[in-house]
Amino acid sequence: MLSLQDFEAAARRRLPRPIFGYIAGAAEDNASLHDNRAVFDEYAFVTRVLRDVSQRSQAVDLWGKRYRSPFAIAPMGINALSTYRGDVVLARAAQAEGIASIMSGTSLIPMETVAQACPGTWFQAYLPGDQARIDALIDRVSRAGFDTLVITVDIPISANRENNIRTGFSTPLRPSLRLALDGALRPGWVLGTFARTLLRHGMPHFENSFATRGAPIVSSTVLRDFSARDHLSWQHLQSIRQRWPGRLVVKGVLSVADALAARDAGADGVILSNHGGRQLDGAASAMRVLEAVVQALGPDYPVLIDGGFRRGSDVLKALALGARMVLVGRPFNYAAAVAGEAGVRHAIGLLRDEVDRNLAMLGVNQLSELGPHTLVRKR
């Protein structure tokens, strides 16, 4: 495994088709998914030479904490189907490597387990549809010991993910001959992940969407509770700000107006994101709005970003445009599927080494030296 891309092909061979399809796929025609990668080719670096870069560092300070690298593990659902105890695996790898990690609200391991195993992990929540359940979820996250809460706001309704239907994925998964065959073709996953989980922990459930336990991951009769969210507004975020004592981050922002509204509602930071291309197909890559958002909010307000990051050069392009930190999702999920915690740590190391090499070749010692002057638009 020489780059983050290498893990994807290996994960495809490891995971059953529905699970891999869920991770890899996006919405409709994958236009946003592809744009998330294409946007990086629109920028080229302007390098400086004969500069002493022997003291370079990629460490970054965020909300009073110092991280070894300017990238983090993005929240991803059902990680425990990618590898055994996936959410714990990702959090432990991040903790060992000194980077941030965000646990997804659509996870199959109780948030309390991850918070206890890996203090400092952030928690990402999808808001339930009514205030009482929102309050109960926020209180549970607080009791679990998380100090950073990420609220994802770009899912007023469920997206049109045709890829899930084509690959046989649903939540819950429905027992069928096709599902059994998909599992039989991946015996290593069946024994090492699914059967191992069943024997040690029972049937996985959606544990963290609400204050109480949700639907099982496999069921022929149970329906998952997709609460209506199309009525949620900034008033709900203001209510959360009043109730939540820790850091509050809003994820899923793609406009200057919404970034300003999030700040005004009391958010401590925003994450620019089109949900990995998994919501509105055709939504702009977050990189296309990054510079304008940073200019509107000012250099002291933390703006984070995700969407299509695969190389150290991608990370540095976002930092040059003003991002404070980059979130990387699918590659770390694939790495966990391939080799568990060791795979994730190796993936982190690959990306860290790329960032380090690129800083040297740019003629830069500190991330603070990056800026728009570091880049030129190719077209």
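Cut-off values and rules
Residues numbered from 1 in each chain as written. Predicted model: local features only at pLDDT ≥ 70, side-chain atom pairs only at ≥ 80, totals over all residues. Heavy atoms only, no water. Helix = DSSP H or I, 4+ residues; strand = E, 2+ residues; numbered from the N terminus. Rg over C-alpha atoms; globule rule 2.2 N^0.38 Å. Contact = heavy atoms within 4.5 Å. 1 Å grid on protein atoms, 1.4 Å probe; cavity = no way out; pocket = protein on both sides within 12 Å on 5 of 7 lines; lining within 4 Å. Points joined across faces, edges and corners; volume = space filled by probe spheres on them. Nonpolar A, V, L, I, M, F, W, Y, C, P; charged D, E, K, R; others polar. Phe/Tyr/Trp six-rings, centres within 6.5 Å; stacked < 30°, edge-to-face > 60°. Buried < 20%, exposed > 50% of the residue type's maximum accessible area, 1.4 Å probe, protein only. Lys NZ or Arg CZ within 6 Å of the ring centre and 35° of its normal.

Colleague: Looking at this structure, how should I read the overall build of the chain?
Modeller: Of regular secondary structure, the chain possesses 14 helices and 12 strands. Compactness check: the chain gives a C-alpha radius of gyration of 20 Å against a globular reference of 21 Å for 379 residues, within 12% of the reference. If you line up the chain on its principal axes, its C-alpha atoms span 65 × 45 × 40 Å. Sequence-distant contacts, at least 24 apart, represent 74% of the contacts inside the chain between residues at least 6 apart.

Colleague: Can you help me understand the environment of Met76 in this one?
Modeller: Residue position: Met76 is located in the loop between strand E4 (71-73) and helix H4 (86-97). A sequence separation of 180 residues divides Met76 from Val256, and the C-alpha atoms of the two residues are 25 Å apart. Excluding anything up to four places from it in sequence, Met76 contacts Asp87, Leu90, Ser104, Gly329, Arg330 and Asn333.

Colleague: Would you mind showing me how to read empty space enclosed by the protein here?
Modeller: One water molecule sets the probe size; rolling that probe over the atoms shows where empty space is left. Under the definition given, this model contains 1 cavity of 30 Å³ or more. For the largest cavity, the calculated volume is near 50 Å³. Around the largest cavity, the lining residues are Ile73, Met76, Asn79, Asp87, Leu90, Ala91, Ser101, Ile102, Met103, Ser104 and Thr121. Counting residues per element, the ones that place at least two in the lining of the largest cavity are H4 and strand E5 (102-103). At 3 residues, H4 tops the list of elements feeding residues into the lining of the largest cavity. Among the residues making up the lining of the largest cavity, the classes are represented as 6 nonpolar, 4 polar and 1 charged.

Colleague: Got a minute to help me understand the packing of aromatic side chains in this structure?
Modeller: Aromatic ring pairs: the centre-centre distance and the angle between the two ring planes describe each pair. In this structure the tally under the stated criterion is 6 aromatic pairs. Seen from their ring centres, Phe20 and Tyr334 are 5.6 Å apart, and the 25° between their planes marks the pair as stacked. Placement of the pair is Phe20 in helix H2 (residues 17-24) and Tyr334 in helix H14 (residues 330-362), with a sequence separation of 314 residues. By relative accessible area, Phe20 is classed as buried at 5%. Its relative accessible area of 3% is what places Tyr334 among the buried residues. The positively charged end of Arg196 is found above the aromatic ring belonging to Tyr84, 3.8 Å away from the centroid. Here the guanidinium or amino end of Arg224 rests over the ring plane of Phe206, the centre of that ring lying 4.0 Å away.

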